[in-house]
Amino acid sequence: QVQLVESGGGLVQPGGSLRLSCAASGNIFSINVMGWYRQAPGKQRELVASITSDGSTNYADSVKGRFTISRDNAKNTVLLQMNSVKPEDTAVYYCYWNARRTWYATWLDYWGQGTQVTVSS
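About the thresholds
Residues numbered from 1 in each chain as written. Predicted model: local features only at pLDDT ≥ 70, side-chain atom pairs only at ≥ 80, totals over all residues. Heavy atoms only, no water. Helix = DSSP H or I, 4+ residues; strand = E, 2+ residues; numbered from the N terminus. Rg over C-alpha atoms; globule rule 2.2 N^0.38 Å. Contact = heavy atoms within 4.5 Å. Areas by Shrake-Rupley, 256 points an atom, 1.4 Å probe, with all protein chains shown as cover. Lys, Arg positive; Asp, Glu negative; His and termini not counted. Charge placed at Lys NZ, Arg CZ, Asp CG, Glu CD. Phe/Tyr/Trp six-rings, centres within 6.5 Å; stacked < 30°, edge-to-face > 60°. Buried < 20%, exposed > 50% of the residue type's maximum accessible area, 1.4 Å probe, protein only.

**Here's the deal with the overall build of the protein**
Phase 1 of the analysis: Looking only at helices and strands, one finds 0 helices and 11 strands in the protein.
Phase 2 of the analysis: In the protein, the succession of α and β elements from N to C terminus is β-β-β-β-β-β-β-β-β-β-β.
Phase 3 of the analysis: For 121 residues, the compact-globule formula gives about 14 Å, and the C-alpha radius of gyration of the protein, at 14 Å, lands near that figure.
Phase 4 of the analysis: Projecting the C-alpha coordinates of the protein onto the three principal axes gives extents of approximately 50 × 25 × 25 Å.
Phase 5 of the analysis: Looking at the protein alone, contacts between residues at least 24 apart form 55% of all its contacts between residues at least 6 apart.
Phase 6 of the analysis: Total accessible area on the protein is roughly 6500 Å²; 47% of this is exposed by carbon and sulfur atoms.
Phase 7 of the analysis: In the protein, the 11 positive side-chain charges and the 8 negative ones have mean positions that sit 3 Å from each other.

This is the structure we're talking about:
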């Protein structure tokens, strides 16, 4: 079965940088979308950034210009480079993939376990 494993979360000062990584275990035939969501306490989970199979990206307005999403389909990995972080970026970040294991399989959503990012001085 496919599992997503995240790494790179932690404590960072405002204005600093952090790099999140998400790698999939198990065979993946193709990936439709890779993305990162986040959820702060008392708030709804929101999309941070996503990247499609053809490389198209989109970002939440709150992170545009500061965060960069990238992918490596060969390694089944998606990265989120977080620069100029702000306290309001503090949240649990979840890796998200929409993928299928074979060409005939249904596209399914896969989620990482979440990694805590805390921006504080």
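**Considerations on the packing of aromatic side chains**
Phase 1 of the analysis: Taken as a whole and assessed by the stated rule, the structure comprises 4 aromatic pairs.
Phase 2 of the analysis: With 5.6 Å between their ring centres and 80° between their planes, Tyr-37 and Tyr-96 make a pair best called edge-to-face. Separated by 59 residues along the polypeptide, Tyr-37 in strand β4 (residues 30-39) and Tyr-96 in strand β9 (residues 91-100) bring together distant segments of the chain.
Phase 3 of the analysis: Residue Tyr-96 is classed as buried on the basis of its relative accessible area of 12%.
Phase 4 of the analysis: In this structure an aromatic cluster arises from ring pairing among Tyr-37, Tyr-96 and Trp-111.

Nothing here speaks to function; it is geometry throughout.
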